[in-house]
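Below are the chains, spelled out letter by letter.
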Amino acid sequence: LAKTTQPISMDSYEGQEVNITCSHNNIATNDYITWYQQFPSQGPRFIIQGYKTKVTNEVASLFIPADRKSSTLSLPRVSLSDTAVYYCLVGEDGQNFVFGPGTRLSVLP
Amino acid sequence: NAGVTQTPKFRILKIGQSMTLQCTQDMNHNYMYWYRQDPGMGLKLIYYSVGAGITDKGEVPNGYNVSRSTTEDFPLRLELAAPSQTSVYFCASSYTPGTVDEKLFFGSGTQLSVL
């Protein structure tokens, strides 16, 4: 299982772009990189997944460099409703998905 | 499409009582998981199942039991509830890990307090 490291917390203001970087130096060849978002009192929700280069959907973009040892979740023009905890998951440990502490994003008015 | 459904949403138990947390999914996922999340912390895996009739322990299985008699249902049983089991419990399901479809789908959670 590739261990991931991401900042514990980040602050931003409404309308700004937010980039959250996740380090995963031991990523395996067949590992996907998946990001989840969790609001208080709710289960995590899938945001975006990628393998290499760039992936974009209606919510976010995911940038993955050629060596795949890190990835960056980009949230364009955040609003107060983007305040949440964001988890980066890489691969799985057997059949387990192991969650770290995530990044607590606070969007300020 | 309901996704992953958990019941109950809230429950208060007395020390020593038992209860079953229900989880059902309608996406025909083979893999199902139970996580617990303590306040301000990440999720810890309790038990998981790779298919009907097959279950295995996760990081924190002590004090819990599971069964998987059907693809859809994955109940979590608490025997002899203790204050340390006060937490929010999430059930999740997925297609086969290690594939492009490995994303997890979570239920809305059960808030459990043991007093």
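My aim in this report is to walk through the structure given alongside it, one point at a time.

Reading guide: rules and limits
- Think of each chain on its own: its residues are numbered from 1, step by step along the sequence as written.
- Ligands are numbered from 1 and chains lettered from A, in the order in which they are written.
- For a predicted model such as this one, the threshold for reporting local features is a pLDDT of at least 70, and the threshold for listing and counting side-chain atom pairs is 80 or more; totals across whole chains, interfaces and linings nevertheless cover every residue.
- Computation of side-chain values: all heavy atoms of the structure, hydrogens and water removed.
- Only DSSP runs of H or I reaching four residues or more are called helices, and only runs of E reaching two or more are called strands; each is numbered from the N terminus.
- Only the protein chains shown count as cover for residues, and the accessible areas themselves come from Shrake-Rupley with a 1.4 Å probe.
- Here the term buried applies to any residue with accessible area under 20% of the maximum for its type, exposed to any over 50%, and partly exposed to those in between, with areas from a 1.4 Å probe on protein chains only.
- Contacts are assigned to residue pairs with any non-hydrogen atoms lying within 4.5 Å of each other.
- Pairs of N or O atoms within 3.5 Å make up the polar contacts considered here, provided that, within protein, one atom can donate a hydrogen while the other can accept it, and that residues adjacent in sequence are counted only when both atoms are side-chain atoms.
- Pairs of strands are assigned from DSSP output, requiring at least two bridges between the strands.
- Under this scheme, a helix contributes an axis fitted over its contacting stretch, all axes are lines through C-alpha atoms, and angles between N-to-C directions fall in the 0 to 180 degree range.
- Cysteine sulfur atoms are paired as a disulfide whenever they fall within 2.5 Å.
- To pair, rings of Phe, Tyr and Trp, with the six-membered ring standing in for Trp, must have centres within 6.5 Å; the planes then decide the type, stacked if under 30 degrees apart, edge-to-face if over 60, and tilted in the middle.
- What gets called buried area is simply the loss in accessible area from a 1.4 Å probe that two parts show on being joined, summed for both.
- We define a salt bridge as a side-chain nitrogen of Lys or Arg found within 4 Å of a carboxyl oxygen belonging to Asp or Glu.
- Following the grouping adopted for this structure description, the nonpolar residues are Ala, Val, Leu, Ile, Met, Phe, Trp, Tyr, Cys and Pro, the charged ones are Asp, Glu, Lys and Arg, and the polar ones are all others, Gly among them.

### Examining the overall build of chain A
Of the regular secondary structure elements, chain A holds 0 helices and 9 strands. Counting from the amino terminus, helix and strand elements in chain A follow one another as β-β-β-β-β-β-β-β-β. Along the first, second and third principal axes, the C-alpha atoms of chain A reach 40 × 30 × 20 Å. As displayed, chain A has an accessible area near 5,400 Å², and 49% of this comes from carbon and sulfur atoms.

### Some words on the environment of Thr20(B)
All names here are of chain B. Note on placement: threonine 20 falls in strand S3 (residues 19-25). Since its relative accessible area comes to 27%, threonine 20 is described here as partly exposed. Considering only alpha carbons, one finds threonine 20 and proline 75, 55 residues apart in sequence, at a separation of 6.5 Å. Beyond its immediate sequence surroundings of up to four residues, threonine 20 is in contact with Pro75, Leu76 and Arg77. A polar contact is formed between the side chain of threonine 20 and the side chain of arginine 77, at a distance of 3.0 Å.

### What to know about the sheet that holds S3(B)
Residue and element names in this part refer to chain B. Spatial strand order, S1-S3-S8-S7: 4 strands in an open sheet with antiparallel pairing. Two strands lie at the open edges of the sheet, namely strand S1 (4-7) and strand S7 (64-66), each paired on one side alone. Direction aside, the axes of adjacent strands within the sheet are offset by 20° on average. Here 4 bridges tie S1 to S3, and the two strands are oriented antiparallel to one another. Note on S3: the bridge partner recorded for valine 4 is glutamine 25.

### Here's the deal with the state of the cysteines
Counted according to the given criterion, the structure contains 2 disulfides over all chains. At a sulfur-sulfur separation of 2.2 Å, the disulfide partner of Cys22(A) is Cys88(A). On the S-S bond that ties Cys22(A) to Cys88(A), the torsion sits near -80°, and the link is left-handed. Of the two residues, Cys22(A) sits in strand S2 (residues 18-23) while Cys88(A) sits in strand S8 (residues 84-90), which places them 66 residues apart along the sequence. Just as Cys22(A) is buried, Cys88(A) falls in that class too. Each sulfur of the disulfide joining Cys23(B) and Cys91(B) lies 1.8 Å from the other. Residues Cys23(B) and Cys91(B) are joined through a disulfide that is left-handed, its torsion about the S-S bond being -70°. Pair noted here: Cys23(B) is in strand S3 and Cys91(B) is in strand S9 (residues 87-94), with a separation of 68 residues, a long-range link. Take Cys23(B): its relative accessible area is 2%, and that puts it in the buried class.

### Observations concerning the packing of aromatic side chains
By convention here, two paired aromatic rings are described through the distance between centres and the angle between planes. Within the structure shown, the criterion is met by 11 aromatic pairs over all chains. Aromatic side chains Tyr36(A) and Phe46(A) sit 6.2 Å apart centroid to centroid with 80° between the ring planes, which places their arrangement in the edge-to-face category. Within this pair, whereas Tyr36(A) is found in strand S3 (residues 33-38), its partner Phe46(A) is found in strand S4 (residues 45-50), the two being separated by 10 residues in sequence. Ring plane angle 85° and centroid distance 6.5 Å describe the contact between Tyr36(A) and Phe106(B), whose orientation is recorded as edge-to-face. With Tyr36(A) in strand S3 and Phe106(B) in strand S10 (residues 105-106), this residue pair bridges two chains. There is no split in this pair, since Tyr36(A) and Phe106(B) are both buried.

### Thoughts on the interface of chain A and chain B
With 19 residues of chain A at the contact, the number on the chain B side is 23 residues. Across the interface of chain A and chain B, roughly 1,800 Å² is buried in total on both sides, 57% from carbon and sulfur atoms. At the surface where chain A touches chain B, the tally comes to 0 salt bridges. Put simply, chain A and chain B have 3 residue pairs in polar contact (both at pLDDT 80 or more) between them. Among the elements of the structure, S3 and S4 of chain A are those that each provide at least two residues to the side of chain A that touches chain B. Per-element accounting of the side of chain A that touches chain B gives the leading share, 3 residues, to S3(A). The residue makeup of the side of chain A that touches chain B, split by class, is 7 nonpolar, 10 polar and 2 charged.

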